[in-house]
Amino acid sequence: MMETSKSERLQKILASAGIGSRRYCERLIVEGRVTVDGKQIDSLGTKADPEHSKITVDGKPLGTMEVCLTLMLNKPVGVVTTLSDPQGRPSIKDCIPKEYAALRLYPVGRLDMDTSGLLLLTNDGDLAYRVMHPKHEVTKWYQAEVTGTLKEQTLQRLRTGVLLDDGLTAPAEVQVQGQRENRTVVLIGIREGRNRQVRRMFAAVKCRVVFLKRLAIGPLKLGDLGKGECRPLSNQELDELTRVLQED
Ligand code: URA
């Protein structure tokens, strides 16, 4: 392995090549997925010369590989789910750290401007297609605060399906989490992804959504990710998601 005056830490070289964040690249190294001049590296102190060393990740030489990356974003309210906005409103592009700019990540589906929470960003077209495809029926979980109180009969209508202008909704999972003054907090899980679906479902039962946040997509949970923050999915999360997407 060649170390010259131009040597840099391996995780910095990988991150600069657009593989992902430094932390993500450190993980690749520790997992033994990186080689330098044919030698497998598993220590974070390793340096290499990016111009002269032959570096591979998962057997693929740096610079020739198409890097697939999927990030989880906690989208704030007031941000549009597009990569640019002709009206100049804040967009999710402003939330993507610069180190990922070269990877051309795009959103998987969308959240309304006034909805916050879990949004996936990826450059893996196959993964995006499968998460969105209705046949996989990945449940998206939302916390909604709605006006009024919900009778058992209303909850049952939401569960079995309500008629919207684009047809009857598929069965949903609905649980009341709390009640304060004239507001109800509801956890709702839907398997479809129609435009403004949750808001329209509640409108159909005469409630207005005053707060809406997506908490989970299938096995992926937002957890305590800060507002406006992004992180790559862990290998375990990717495995769990892949497993769900394989179930037909
Ligand atoms: N349902 C909605 O009404 N809005 C969203 O952003 C997502 C689901």
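Conventions used here
Residues numbered from 1 in each chain as written. Predicted model: local features only at pLDDT ≥ 70, side-chain atom pairs only at ≥ 80, totals over all residues. Heavy atoms only, no water. Near = heavy atom within 4 Å. Areas by Shrake-Rupley, 256 points an atom, 1.4 Å probe, with all protein chains shown as cover. Helix = DSSP H or I, 4+ residues; strand = E, 2+ residues; numbered from the N terminus. Nonpolar A, V, L, I, M, F, W, Y, C, P; charged D, E, K, R; others polar. Salt bridge = Lys/Arg side-chain N within 4 Å of Asp/Glu carboxyl O. Buried < 20%, exposed > 50% of the residue type's maximum accessible area, 1.4 Å probe, protein only. Contact = heavy atoms within 4.5 Å. Arc of directions from axis to C-beta. Axes fitted to C-alpha atoms, helices over the stretch in contact; angles between N-to-C directions. Parallel < 35°, antiparallel > 145°, perpendicular 65-115°, else oblique. Left-handed = near helix turned anticlockwise from the far one by under 90°. Pairing = 2+ DSSP bridges.

**Student:** What's the story with the site of the ligand in this structure? I'm lost.
**Tutor:** Near the ligand you find L111, D112, T115, Y142, R196, Q197, V198, R199 and L212, and these make up its full shell. Starting from 230 Å² of accessible surface for the ligand in isolation, the protein chains cover 96%. Looking at which element gives the most residues to the shell around the ligand, the answer is helix α5 (residues 197-204), with 3 residues. Split into classes, the residues belonging to the shell around the ligand amount to 4 nonpolar, 2 polar and 3 charged.

**Student:** It is not clear to me how the pattern of salt bridges should be interpreted in this structure. Could you clarify?
**Tutor:** Opposite charge on two side chains permits them to pair, given that their charged atoms come into close proximity. Overall, the coordinates contain 19 salt bridges when judged by the stated rule. As a salt-bridge pair, D112 and R110 come within 3.3 Å of each other at their nearest N and O atoms. Note on R110: relative accessible area 48%, which makes it partly exposed. When the shortest N-O distance is used, the salt bridge between R196 and D114 registers 3.8 Å. With R196 in the loop between β14 (183-190) and α5 and D114 in the loop between β8 (106-107) and β9 (116-122), this residue pair connects regions lying 82 residues apart in the sequence.

**Student:** Explain the side chain of S116 to me, please; I cannot follow it from the model alone.
**Tutor:** By secondary structure assignment, the location of S116 is in strand β9. Here S116 falls in the buried class, since its relative accessible area comes to 8%. Those residues in contact with S116 that sit more than four places away from it in its chain are K75, P76, V77, L111, L212, K213 and R214.

**Student:** Hey, could you run me through helix α3 (residues 125-132) in this one?
**Tutor:** Helical periodicity: at 3.6 residues per turn, an α-helix aligns residues three or four positions apart in one direction. For α3, the full list of buried residues reads L127, A128 and V131. The arc that holds the buried residues of α3, viewed along the axis, is 100 degrees, so those residues lie on one side. On its buried face, α3 is in contact with β7 (70-75), β8, β9, β10 (140-147), β15 (209-217) and α6 (235-246).

**Student:** Help me understand unusual backbone geometry, please; the structure alone is not making it clear to me.
**Tutor:** In terms of backbone geometry, most residues other than glycine have negative phi values and most peptide bonds are trans. Its identity is not glycine, yet R104 carries a phi of approximately 50 degrees, on the positive side. Overall, R104 belongs to the exposed group, its relative accessible area being 69%. With a phi angle near 50 degrees, E137 is a residue other than glycine that sits in the positive phi range. Assignment of secondary structure puts E137 in the loop between α3 and β10. Exposure remark for E137: the relative accessible area of 47% places this residue in the partly exposed category.

**Student:** Would you explain the packing of α3 against α6 in this entry?
**Tutor:** A pair of packed helices is characterised by two quantities: the angle between their axes and the separation of those axes. Viewed as axis vectors pointing N to C, α3 and α6 meet at an angle of 55 degrees, and their least axial separation amounts to 10 Å. Taken together, the axis directions place α3 and α6 in an arrangement best described as oblique. Remark: the crossing between α3 and α6 carries left-handed chirality. Here L127, R130 and V131 of α3 come into contact with α6, specifically with L238, L241 and L245.

**Student:** What is the right way to read the sheet that holds strand β3 (residues 39-41) from this model?
**Tutor:** Where strands meet in a sheet, backbone hydrogen bonds hold them as pairs that are either parallel or antiparallel. Spatial strand order, β3-β2-β5-β6: 4 strands in an open sheet with antiparallel pairing. This sheet does not close on itself; its edge strands, each paired only once, are β3 and β6 (60-61). As paired elements, strand β2 (residues 34-36) and β3 share 3 bridges and run antiparallel to each other. Considered in β3, the bridge of T35 is made with Q40.

**Student:** What is the right way to read the environment of D224 from this model?
**Tutor:** Residue position: D224 is located in the loop between β16 (220-221) and β17 (230-232). The exposed category is assigned to D224, whose relative accessible area is 78%. For D224 and H133, which are 91 residues apart along the polypeptide, the C-alpha to C-alpha distance reads 27 Å.

**Student:** Help me understand the pairing of β15 in this model?
**Tutor:** Side chains on a regular strand alternate between the two faces of the sheet. Pairing geometry for β9 and β15, over 2 bridges, is parallel. The partner of G117 across the bridge, within β15, is R214. Where β10 and β15 come together, 7 bridges link them in antiparallel fashion. The partner of K140 across the bridge, within β15, is I217. Between the antiparallel neighbours β15 and β16 lie 2 residues, among them G218 with a positive phi of about 55 degrees.

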